[in-house]
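Analysis of the macromolecular model
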Amino acid sequence: MFGVFETGIESMTIGSAVMLIIASVLLYMAIFKNIEPLLLAPIGFAALLANLPITGITDPGGVMTLIYVNLIKTGIIPLFIFLGIGTMTDFSPLLANPITFLLGAAAQVGIFVALGAALILGFSMDQAAAIGIIGGADGPTTIYVATRLAPEILGPVTVAAYSYMALVPIIQPPIIRALTSHKDRCIAMPKLREVSTKEKVIFPIVVTIAVGMFVPSAVPLVGMLMLGNLFKVSGVVERLSKTGGNELINICTILLGLGIGYMMTAERFLNLDTLKILSLGIVAFSTATAGGVLLGQLFSKLSGGKINPMIGSAGVSAVPMAARVVQKEAQRAKPGNFLLMQAMGPNVAGVIGSAVAAGILLGLLFVP
Amino acid sequence: MHSRVPDNKIGRRPTIGIYATVSMTIIIAFMLAMAGISAASGEEIRTEPTLPVSGEDFTITLNATENSIVMLSIENETGYVFWSDIVSLVNGSVTIGPLSLAEGNYTLNATFWSGNNAGLTPTFYNKDFSVHPPVEAPEKYDAIFVIVVGISVVFSVLALLALFTYITGRFFPEEKAKPVEISDDSEKIAAIAAAIKFRRG
């Protein structure tokens, strides 16, 4: 400008302008619609920063590049977020009703259905795996897998994962109603038993050892989740537990948003693949919900109608939205029917299930 | 009296000096000849990589020993010249490119336009070359295998965890609520009761 220095105006491209609009939409969703604000606000603003021309912020050595290369691509931030999630997760409903582990497993079917669909649409196996994991409805897991298998699609995969997690209350109810009768939805379940402190303490240790033995590649995710949970349930490291669930996860969330925004430049985001990924995200979430409900139906039949099949849909590990959806549907079918705690069992099982599924995909496909 | 003529006088018998001079002359002549041959073969042209792949960078490197101008061209298998360039060399090498070529067979031509070699062609290392499609690494596992193994292992591991959890629950059952201890507060309660009684009294 004025022959003194270069401005961004003459360097602006149509792609950058479109991305600024998309960044504004993400900010609108986060701030005014309260859709996953903790993630979409930093991601939206970071996308805005990344698409302002000639700022150098995404150049080699730029702050967003440094965050992405050193903290996101290495997997450090998603893993620390998982630790933070562990400090905030109560596995008691799962411990009280261990059979719900299988409902959490059934909902992971969505991952593999979406993987197959992505392959049909022409994605490579690594990309298909990264897209499929959206069905796990677990943000850090999705980011962890995408950075390892297909970093080139990290931006759209992350946006799809977090957007659909926020849309669980809209996506799930029609599927639940389609696969259950009114009578099914009215089934009341008994109150869960109390779980002893010893059980709670032993659980993270046993899970870590068992997963380490059978799916070693899932240990970074499951191990961090369980470490955080051990902080919480042991009761002897309250400071660490509070730090994991507050300062650590908050700092990591900010850095995660900036790192994801780095990948949301026009040349990476504005292409047909992004639309395909967003479509496949719906497939992943829908089939995951359906998988959980169908196994719930089977359990209901086998138990003589003692299990409400709806709780299977909470196996989609969007905690606690998926469990809340079940509660809302139960209340809608029969006021006074409380299923929230029963649905939290498959819900937290889904967190472990998606981490295990991610570990399997990484074990099969990731080449360091 | 005649003086004796030494035996080693030049003109009469070959001496060591003559042998040395001739030998040095031959050596120098040989070295000059070799240098001349070397100079003559100093101009060469090569493409990198020697087995180019479509979509990957492709360069042409030309070495020369003197200032010259060279015309380069690449023609495809139908003889169509789809790329040409004129480059000048100043006692060294020049690299042209990177170019990106599609799959197919190509011929590289080069002609000196100036210098002692004007009208000649440099020595080609790979005048005719083929550009191959990129070799895609085969997928480690096919889709069906990944899906079947994935679903099976997720169910197996979570079923195992369910079993462990069930067993743990049996070994460490629900803790019974501890009886409320009131002994520590009994004195306070008695004092409060006494105070209330005192006020009423």
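Note: the structure precedes this text.
Residues numbered from 1 in each chain as written. Chains lettered and ligands numbered in written order. Predicted model: local features only at pLDDT ≥ 70, side-chain atom pairs only at ≥ 80, totals over all residues. Heavy atoms only, no water.

**Quick look at a nonpolar patch on the surface**
Stated precisely, the cut-off is as follows: Patches were defined on residues exceeding 30% relative accessible area and lacking a salt bridge, with like-charge contacts within 9 Å and nonpolar side-chain contacts (Val, Leu, Ile, Met, Phe, Trp, Tyr) within 5 Å. Here the Shrake-Rupley method, with its probe set to 1.4 Å, supplies the accessible areas, and only the displayed protein chains count as covering residues. For salt bridges, the criterion is a side-chain nitrogen of Lys or Arg within 4 Å of an Asp or Glu carboxyl oxygen. Only DSSP runs of H or I reaching four residues or more are called helices, and only runs of E reaching two or more are called strands; each is numbered from the N terminus.
A cluster of nonpolar side chains, contributed by A:Ile205, A:Ile209, A:Met213 and A:Phe214, occupies part of the molecular surface with about 450 Å² of accessible area. Along the polypeptide, A:Phe214 turns up in helix α13 (residues 197–214).

**Focus: helix α9 (residues 139–149) of chain A**
This is how it is decided: Exposure categories follow from relative accessible area, calculated using a 1.4 Å probe and restricted to protein chains: below 20% of the type maximum is buried, above 50% is exposed, and the middle band is partly exposed.
Of all 11 residues making up α9(A), 10 are buried, and the element is well covered by its neighbours. For α9(A), the complete set of buried residues consists of A:Gly139, A:Pro140, A:Thr141, A:Thr142, A:Ile143, A:Tyr144, A:Val145, A:Ala146, A:Thr147 and A:Leu149.

**Details of the nonpolar core**
How we decide: Among buried residues, the Ala, Val, Leu, Ile, Met, Phe, Trp, Tyr and Cys ones that are joined through side-chain atoms within 4.5 Å form a nonpolar core. The contact definition used throughout considers only heavy atoms, calling two residues in contact when any of these lie within 4.5 Å.
Counting residues in each nonpolar core, the largest one holds 131 residues, and the members touching the most others are A:Ile352 and A:Val356. Sort the elements by how many residues they give to this core and helix α19 (residues 340–365) of chain A lands first, with 15 residues. Every residue in contact with A:Val356, bar those within four places of it in the chain, is listed here: A:Val211, A:Val215, A:Ala218, A:Val222, B:Val154, B:Val157 and B:Leu158. Residues B:Val70, B:Tyr106, B:Ala110 and B:Phe129 belong to the second largest nonpolar core, which totals 21 residues.

**As for the sheet that holds strand β6 (residues 104–112) of chain B**
Across a sheet, paired strands are connected by hydrogen bonds in the backbone, their directions being either parallel or antiparallel. All names here are of chain B. Selection rule: Strand pairing is assigned whenever DSSP identifies at least 2 bridges connecting the two strands. Every axis corresponds to a line fitted to the C-alpha atoms, with the helix fit spanning only the stretch in contact, and the corresponding angles, defined between N-to-C directions, vary from 0 to 180 degrees.
In spatial order, the strands read β4-β3-β6-β8; together these four strands make up an open sheet with antiparallel pairing. Looking at which strands have only one partner, the edges of the open sheet turn out to be β4 (81–89) and β8 (128–131). The average angle at which neighbouring strand axes cross in this sheet is 25 degrees, direction not considered. Of the pairings in the sheet, the one linking strand β3 (residues 68–76) to β4 comprises eight bridges and is antiparallel in character. Looking across to β4, one finds that Ile-74 is bridged to Trp-83.

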